[in-house]
Amino acid sequence: MTQRQAIQRQSIEVYGARENNLRDVSLHIPKGQITVFTGVSGSGKSSLVFDTIAAEAQRQLNETFTAFVQGFLPHYGQPDVDRIENLNAPIIIDQKRVGGGSRSTAGTYTDIAAPLRLLFSRFGQPSAGPAFAFSFNTPQGMCPECEGIGKTVQLDMERFLDRSLSLNGGAILHPEFKVGKWMWKMYPLSGLFDNDKPVQEYSGEELHALLYGADVKVSFGEFGSRYEGLIERFTRMYLKKDAAAMSGRARTIFEQFTTSQTCPVCHGARLNGAALNCRIDGQNIADVSALEITDLIAFLDRLSDPAAARVAGHLTERLHHLVDIGLGYLSLSRETATLSGGESQRLKMIRHLGNSLTDMLYILDEPSVGLHARDVARLTGLLRKLRDKGNTVLVVEHDPDVIREADHVVDIGPGAGTHGGQVVFEGRYAELQKADILTGKFLS
Ligand SMILES: [Zn+2]
């Protein structure tokens, strides 16, 4: 390799970026360093970092997969740029909510739940089996009643059925069972009911058939179907699904017609009896997962068994990362669907800190948002950890305390929209301090 080639490989080279308001921007971004992109809102920094560099890296990475796999990936168009050289595989840590269903928690998402399960499988008494027997997402670990959700959901009959009305009159109130709809037809076509008789006048037998089913076939003309009662059918079609994973509208309707209660068997702990009986220093895995992270660390620090304390050490280190980034108030059992955008982004960082990939291109969008001043210093510590693992870190950011930690600063501007789109400053933070144009902006 010539020296020139070696130097080229040390930076990502962007030539002729024109996405949105960018004015033919060319620049070199040093690899293995933290580069912070600054500029007023609308200056074009996001167009450069996200719409150009991240989009192209993602697009090229997706092209390495087979056409079959690509069908499952988001599609990225070619950004308006002449070319970008020496890109690395990207990991984009944005503020999109993590979301996920009820089975996704802070513990499962960051994978910190795994070493905790290991700890209980090796040191808990009485033993409940291997680590997976402590997971509410495996058949061996989940509570059989709620299947690991911690809640049981019932159809609310009072809201589902207006008993003063007949089938033809619209007694079934759920929108999918409206008069004339396919779901509704099963009941009048069953031959089991007087379709004009109000439900409150049904005999006990008729009501039972309406709610719980009867052993008859219903003919829909061209095809037949086994008859299902309302509760039976609703349970199969809706209750067996995870409400947290439903779309907004489906979920609203679902919640309108159901009541949920804490699972009467596991009391919300999600696990089966064997897993919950297994304890370390008097606590089971559900107890400690429900602790705030700071309290969980204190529990692990107090472990009496020295061998257990050694295994806990690794776990504690990862929990400290959560505290470092201002999430010490979360518990591992917190569902990710309930996290804010800022919390989601910080949890994504922790998840990536746990992997051992190197030579990646990390791209972060204003990670300081929602952080207290003291936590910003901890955030920059995590950025340095990502860098020191051998990665390139690009950050779009306003916060002066984050900018100060940058190895390299790129300021896009000078103004917004048509008044921006150019590289105004590029260099080390120390040089930025000397640059007159920026002094007032950052260091006032
Ligand atoms: Zn349960």
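The rules we used
Along each chain, residues carry numbers from 1 onward, in the same order as the chain's sequence is written. Where totals are concerned, whole chains, interfaces and linings use all residues; where local detail is concerned, this predicted model gives features only for residues with pLDDT of at least 70, and gives and counts side-chain atom pairs only at 80 or more. Only heavy atoms go into the side-chain values, all of them from the structure, while hydrogens and water stay out. Counted as donors are the N, O and S atoms within 2.8 Å of the metal, or 3.2 Å for Na, K and Ca, while water is not among the atoms, so some sites may look incomplete. Think of it this way: with four donors and all angles in the 85 to 135 degree range, the site is tetrahedral; with four or six donors, opposite ones beyond 155 degrees and the rest between 65 and 115, it is square planar or octahedral; otherwise it is irregular. Going along the chain from the N terminus, every DSSP run of H or I of four or more residues is numbered as a helix, and every run of E of two or more is numbered as a strand. Working definition: with a 1.4 Å probe on protein chains only, accessible area under 20% of the residue-type maximum means buried, over 50% means exposed, and in between means partly exposed. Here the aromatic set is Phe, Tyr and Trp, taking the six-membered ring for Trp, and pairing holds for ring centres within 6.5 Å; pairs whose planes are under 30 degrees apart are stacked, those over 60 apart are edge-to-face, and all others are tilted. Each ring is checked for a lysine NZ or an arginine CZ that lies within 6 Å of its centre and within 35 degrees of its normal; such an atom marks a charge sitting over the ring. Strands are treated as partners if at least two bridges between them are detected by DSSP. With axes taken as lines fitted to C-alpha atoms, and helix axes fitted only over the stretch in contact, angles between N-to-C directions fall between 0 and 180 degrees. The criterion used for residue contact is that any of the two residues' heavy atoms lie within 4.5 Å.

> Could you clarify how one ought to interpret the coordination of the zinc ion in this entry?
Note on metal sites: the ideal angle is 109.5 degrees for four tetrahedral donors, and 90 or 180 degrees for six octahedral donors. The coordination sphere of the zinc ion contains the protein donors Cys143 (SG), Cys146 (SG), Cys263 (SG) and Cys266 (SG), at a distance range of 2.3 Å. Coordination at the zinc ion is tetrahedral, judged from the four donor atoms that bind it and the angles of 105 to 114° they form at the metal. In primary-sequence terms, the residues that donate to the zinc ion follow C-x2-C-x116-C-x2-C. Here Cys266 lies in the loop between β9 (258-262) and α11 (273-277) and Cys143 lies in the loop between α5 (113-123) and β6 (151-155), a separation of 123 residues in the sequence. As far as burial versus exposure is concerned, Cys143 and Cys266 are alike and both buried.

> How should the packing of aromatic side chains be read in this particular structure?
Pairs of aromatic rings are described using the distance from one ring centre to the other and the angle between the two planes. Summed over all chains, the structure comprises ten aromatic pairs. Judged by centre distance (6.2 Å) and plane angle (45°), the rings of Phe120 and Phe134 are tilted. With Phe120 in helix α5 and Phe134 in the loop between α5 and β6, this pair connects stretches of sequence that are 14 residues apart. This pair shows no difference in class: Phe120 is buried, exactly as Phe134 is. Taking 6.5 Å as the distance between ring centres and 45° as the angle between the ring planes, the aromatic pair formed by Phe177 and Tyr187 counts as tilted. Of this pair, Phe177 sits in the loop between α6 (157-160) and α7 (182-189) while Tyr187 sits in helix α7; the two residues are ten residues apart in sequence, bridging distant segments of the chain. Just as Phe177 is buried, Tyr187 falls in that class too. Every member of this aromatic cluster is reached through a ring pair, and the members are Phe160, Phe177, Tyr187, Tyr227, Phe234, Tyr238 and Phe257. Its guanidinium or amino end placed over the ring of Phe136, Arg270 lies 4.4 Å from that ring's centre, counting from NZ or CZ.

> Could you clarify how one ought to interpret the sheet that holds strand β10 (residues 361-365) in this entry?
Note: strands within a sheet are paired through backbone hydrogen bonds, in either parallel or antiparallel orientation. With mixed pairing, the six strands of this open sheet are ordered in space as β5-β10-β11-β3-β12-β13. Only two strands of the sheet have a single partner each, and these edge strands are β5 (90-93) and β13 (422-427). Neighbour-to-neighbour, the strand axes of this sheet turn through a mean angle of 15°, independent of strand direction. Note: strand β3 (residues 34-38) against strand β12 (residues 408-413), four bridges, orientation parallel. Note on β12: the bridge partner recorded for Thr35 is His408. Lying over the sheet, helix α2 (residues 45-63) contacts β3, β5, β10, β11 (392-396) and β12, oriented at roughly 140° with respect to β10. Against the sheet, helix α16 (residues 373-388) contacts β3, β10 and β11, and its axis sits at roughly 150° relative to β11.

> How should I be thinking about the environment of Arg302 in this particular structure?
As for its placement among the helices and strands, Arg302 is situated in the loop between α13 (293-301) and α14 (306-324). Sequence separation of Arg302 and Asp281 is 21 residues, and the distance between their C-alpha atoms is 9.1 Å.

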